[in-house]
Amino acid sequence: MLELVRKDARFFLAATLAAVALRLVFVLHFPAVVDDSRLYADIAENWLGHGVYGITNSGEVMPTLSRLPGYPAFLAAIFAIFGWSNFRAVLLIQLLFDLGTCFLMADLARRMFSEPVAKAAFLLAALCPFLANYAAAALTETLEIFFTTVALDLAVCGFSALRDHNDEQSAAAAATWLACGLSIGACILLRPDGGILFAGVGGYWFLLLLRSFAVQKTPGSRLVPGLLPMLTAGVILTVGAFAPLVPWTLRNLHTMHRFQPLAPRYATESDEHPMPGFNRWIKTWMADYTSVQEIYWRVPGDAIDVTRLPRRAFDSTVERQATEQLFADYNQDHEVTSELDARFAALAAARIQAAPLRYYVWLPSLRIADMWLRPRTELLPSDPRWWEFDDDPAWLTVSIVFGLINLAYVAAAVAGAWRSRDSFGFGLFVMFLVLRSLFLGTLENPEPRYTLECYPMVIVMAAALLIDKSYRNHRKLA
């Protein structure tokens, strides 16, 4: 990659300056320090100041396991150097990480395709407003995307060596797989769903392992890696991915007296009620991010306007009346008690029994589509109900433009994927994209940011539209 940068120094300098300028617009004018940012910062400052990985509760520091330690550790390192709660420093350093991601995407495209595709990928990443927007948000996304791209780049490098039976430098191969595993481990320490990356890389590895078994009956074949290198790679990858979780798990056993390798499913504290009935009822009608903002995030703690519920939340007049009564009871003290949660659970069970396909197929599909296709303006002042066209004209224009840009990236990626379907590494991308999308469909809260971890593949596949047939690599693995 360094050779390519030196060869086309003017191009990379101009694209880098454009990338920095775009990200500075968001950092300076639309910095996003949200409630989650302050919670992460509180944990980081208690970790630094009191030596306790915990949150401040009524003036006292209480140990917590509601958030994984990756992002608080990042904040703690920055606060220790630049001062406590210095979010401006956080965002500027995230800008540098995001620039690194652009170069990594280019290197990934170079390994899979060619140098021209690498340049296209760099430009698409540098000018991507969604990556730039989240670089200006004190959230996990920028680091998660960075380490996802590192892991994918290393995985392609490792699988390429296995494919070519390049076993002469076994120490280098082992280091590649260890670094890939550690990058996945970093993703997991940032967000629990980082484990899907391990499932994608590991699933692709398993398919190759099965093929390795199958071709043992075909002597002389060099299209598929041998069993021993494959098994060695799998062991090193697994150890690298899960070793970083050991200290966190031991800490939770010692301090919280719980076996908790990840964060809890709903990021709750040990004494906090997770509201399983309410969450299950939400999944019987939730299909878009707007309802996440207007309903899901407000419970518990805020009053709910039941008229904000979409029509699909009711199957009959009787059900509407029952739901309105539930929210009337909730709005009395803005808490979901065990009794109220049980009533939500009963309502959810009745709705699922009446329409199981809606619950298990259609609504998850709609949530996946919403996360992939809606305008990515959730960090901006744009109205989430953009389709009603009653927002301020400037922000309505932003919503429409962002929506069109997102559609352009996704459409180009689909076209590029079809064109490069015979290329090496394509199966790895498909495995990860499918697994992550299916997982996201199971969530109650379809937030567009959850698909940003897929954007390294989106951008590389979009850049692949520029592939000339002479650059195609037909030695595919899966």
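Residues numbered from 1 in each chain as written. Predicted model: local features only at pLDDT ≥ 70, side-chain atom pairs only at ≥ 80, totals over all residues. Heavy atoms only, no water.

1. Topic: helix H4 (residues 70-82)
This is how it is decided: Strands are runs of DSSP state E lasting at least 2 residues, helices are runs of H or I lasting at least 4, and numbering of each runs from the N terminus. For a helix, the expected span equals 1.5 Å multiplied by the number of residues minus one. Throughout, a contact is declared for two residues whenever any of their heavy atoms are within 4.5 Å.
Under the 1.5 Å per step criterion, the end-to-end length of H4 is 19 Å for 13 residues, consistent within 8% with the ideal 18 Å. Buried-residue contacts for H4 involve helix H3 (35-50), helix H5 (87-112), helix H8 (141-163) and helix H9 (170-190).

2. Remarks on the nonpolar core
So the rule is basically this: Side-chain atoms within 4.5 Å are what join buried Ala, Val, Leu, Ile, Met, Phe, Trp, Tyr and Cys residues into a set we call a nonpolar core. A 1.4 Å probe rolled over the protein chains alone gives each residue an accessible area, and that area as a share of the maximum for its type sets the label: buried under 20%, exposed over 50%, partly exposed in between.
Phe-159, Ile-184 and Tyr-455 are the most contacted members of the largest nonpolar core, which has 98 residues in total. Counting residues per element, this core draws most heavily on H5, at twelve residues. With residues near it in sequence (within four places) discarded, Ile-184 still touches Ala-151, Gly-194, Leu-197, Phe-198, Val-201, Leu-237 and Ala-241. Counting 23 residues, the second-largest nonpolar core is a separate cluster that includes Met-286, Ile-295, Leu-309 and Phe-327.

3. Some remarks on the environment of Arg-312
With respect to the helices and strands, Arg-312 occurs in the loop between helix H14 (289-294) and helix H15 (317-333). For Arg-312, a relative accessible area of 31% corresponds to the partly exposed category. In this structure the C-alpha to C-alpha distance between Arg-312 and Phe-26, which are 286 residues apart in sequence, comes to 36 Å. Those residues within four positions of Arg-312 in sequence are excluded, and the remaining contacts are Trp-285, Met-286, Ala-287, Asp-288, Ser-291, Arg-351, Arg-358 and Leu-363.

4. Some remarks on unusual backbone geometry
Residue Pro-300 follows Val-299 across a cis peptide bond; omega there is -5°. Relative to the helices and strands, Pro-300 resides in the loop between H14 and H15. With a phi close to 60°, Ser-85 is a non-glycine residue in the positive phi region. As for its placement among the helices and strands, Ser-85 is situated in the loop between H4 and H5. Assessed through its relative accessible area of 39%, Ser-85 is described here as partly exposed.

5. Considering helix H17 (residues 356-373)
For the record, the criterion: The quantity called bend is, for any residue, the angle between two axes fitted respectively to the seven residues ending at it and the seven beginning at it.
Taking 1.5 Å of rise per residue, 18 residues should cover 26 Å, and H17 covers 25 Å from first to last C-alpha, within 8% of that figure. The sharpest bend along H17 comes to roughly 35°, located at Trp-362, with the proline Pro-364 sitting one to four residues further on. Along H17, the residues classified as buried are Arg-358, Tyr-359, Leu-363, Pro-364, Arg-367, Ile-368, Asp-370, Met-371 and Trp-372. Of the surrounding elements, those touching the buried residues of H17 are helix H13 (276-282), H14, helix H16 (338-354), helix H18 (393-419), helix H19 (426-441) and helix H20 (455-463).

6. Observations regarding the pairing of strand S2 (residues 60-63)
Test applied: Two strands are said to pair when DSSP picks up at least two bridges between them.
As defined by bridge partners, strand S1 (residues 54-57) adjoins S2 across four bridges and the pair is classed as antiparallel. The residue of S2 that forms the bridge with Asn-57 is Glu-60. Between S1 and the antiparallel strand that follows it, S2, lie two residues; Ser-58 among them carries a positive phi value of about 55°.

7. Side note on the side chain of Arg-358
Keep this limit in mind: A 3.5 Å cut-off defines polar contacts: any pair of N or O atoms within that distance qualifies, except that in protein one atom must be a possible hydrogen donor and the other a possible acceptor, and neighbouring residues in sequence count only when both atoms are side-chain atoms.
Topologically, Arg-358 is positioned in helix H17. Of the polar contacts made by the side chain of Arg-358, one reaches the side chain of Asp-315; its length is 2.8 Å. Side-chain polar atoms of Arg-358 contact the backbone oxygen of Arg-351, separated by 3.4 Å. The residues touching Arg-358, leaving out its near neighbours within four places in the chain, are Thr-284, Arg-312, Asp-315, Arg-351, Leu-363 and Pro-364.

8. Structural notes on the layout of surface pockets
Over the atoms rolls a probe the size of a water molecule, and in doing so it shows where empty space is left. Our working definition: A cavity here means a set of points on a 1 Å grid, drawn over the protein atoms and nothing else, where a 1.4 Å probe fits but cannot get out; a pocket is an open set with protein on both sides within 12 Å along at least five of seven lines, and a residue lines either one if it has an atom within 4 Å of a point. Grid points are joined across faces, edges and corners, and a volume is the space filled by probe spheres set on the points. Polarity classes work like this: nonpolar for Ala, Val, Leu, Ile, Met, Phe, Trp, Tyr, Cys and Pro, charged for Asp, Glu, Lys and Arg, and polar for all others, with Gly in that last group.
As a volume, the largest pocket reaches approximately 1,800 Å³. Taken together, 47 residues line the largest pocket, and the ones lying closest to its centre are Asp-36, Arg-67, Tyr-266, Ala-267 and Trp-297. If you list the elements that add at least two residues to the lining of the largest pocket, you get H3, H13 and H14. With four residues, H3 is the single largest residue contributor to the lining of the largest pocket. For the lining of the largest pocket, the per-class residue count stands at 27 nonpolar, eight polar and twelve charged. Here the second largest pocket defines a volume of roughly 310 Å³. Lining the second largest pocket are 15 residues, with Trp-372, Ala-413, Val-414, Ala-417 and Leu-433 sitting closest to its centre.

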